[in-house]
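Chain by chain, the residues:
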Amino acid sequence: THHRSLFVPNYSPAPISQNPTPDDEVATIIINDPNLPPKISVDLKKIFNRDFRLYIPPGTATTYLQSTDKSSRISSYLLNEGFGVNQIIYLLAKIHRPKIKKILIKEPEMHLHPSIIRTLVKTLCSIIKEEKKNNFKYP
């Protein structure tokens, strides 16, 4: 089953397939690319007014994915966020990969408030323009 989200509290690096879809593979992409968490964080702030960060306890190979509400400054593990926030982080991780040139999103509005959908579309359009992605389609 394909979940389109990151649904455990922590991750350790895992092998990555040609088309990464399991959550542990997408988490590994985030963990291994030092440029990816800041990009996700910038976009997440635009969409949800939330920050995104990785926390790696010293001496471990375990990474916790965290989100912080910018207004209240309350942090939580991504696992404890709503499905919409979690799903968008998963989506952004896949979209920001440099070798990804075409973007196809099925049901991007799922679990999102209409105002968030508008902001998401604007953010995706910015990513496409800035990163020179070729296509943007809703199947």
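### Some points on the environment of arginine 53
Point 1. Here arginine 53 shows up in strand 2 (residues 50-55).
Point 2. Along the primary structure arginine 53 and isoleucine 40 are separated by 13 residues, whereas in three dimensions their C-alpha atoms are 8.8 Å apart.
Point 3. Not counting chain neighbours up to four residues away, the residues in contact with arginine 53 comprise Tyr64, Leu65 and Gln66.
Point 4. Among the polar contacts made by the side chain of arginine 53, one reaches the side chain of aspartate 51 at a distance of 2.7 Å.

### Quick word on the packing of helix 2 (residues 36-48) against helix 3 (residues 83-95)
Point 1. The interhelical angle for the contact between helix 2 and helix 3, taken along N-to-C directions, is 135°, at an axis separation of 10 Å. Classified by the angle their axes make, helix 2 and helix 3 are oblique. Crossing of helix 2 over helix 3 shows right-handed handedness. In this structure, helix 2 contributes Leu36, Ile40, Asp43, Leu44, Ile47 and Phe48 to the contact, and helix 3 contributes Gly84, Val85, Ile88, Ile89, Leu92 and Ala93.
Point 2. Its residues assigned to classes, the contact of helix 2 with helix 3 shows 10 nonpolar, 1 polar and 1 charged.

### Observations concerning the side chain of threonine 123
Point 1. Tracing the backbone shows threonine 123 in helix 4 (residues 114-130).
Point 2. On the basis of relative accessible area, threonine 123 is assigned to the buried category, the value being 3%.
Point 3. A distance of 2.9 Å separates a polar side-chain atom of threonine 123 from the backbone oxygen of threonine 119.

### Describing the confidence of the model for the chain
Point 1. Averaged over every residue, the pLDDT of the chain is 87; residues scoring 70 or more account for 91%.
Point 2. Here strand 6 (residues 135-137) stands out as the element of the chain with the lowest mean pLDDT, 51, in contrast to helix 2, whose mean of 96 is the highest.

What counts, and at which threshold
- Residues numbered from 1 in each chain as written.
- Predicted model: local features only at pLDDT ≥ 70, side-chain atom pairs only at ≥ 80, totals over all residues.
- Heavy atoms only, no water.
- Helix = DSSP H or I, 4+ residues; strand = E, 2+ residues; numbered from the N terminus.
- Contact = heavy atoms within 4.5 Å.
- Polar contact = N/O pair within 3.5 Å; in protein donor to acceptor, adjacent residues only side chain to side chain.
- Axes fitted to C-alpha atoms, helices over the stretch in contact; angles between N-to-C directions.
- Parallel < 35°, antiparallel > 145°, perpendicular 65-115°, else oblique.
- Left-handed = near helix turned anticlockwise from the far one by under 90°.
- Nonpolar A, V, L, I, M, F, W, Y, C, P; charged D, E, K, R; others polar.
- Buried < 20%, exposed > 50% of the residue type's maximum accessible area, 1.4 Å probe, protein only.
- pLDDT = per-residue confidence, 0-100.

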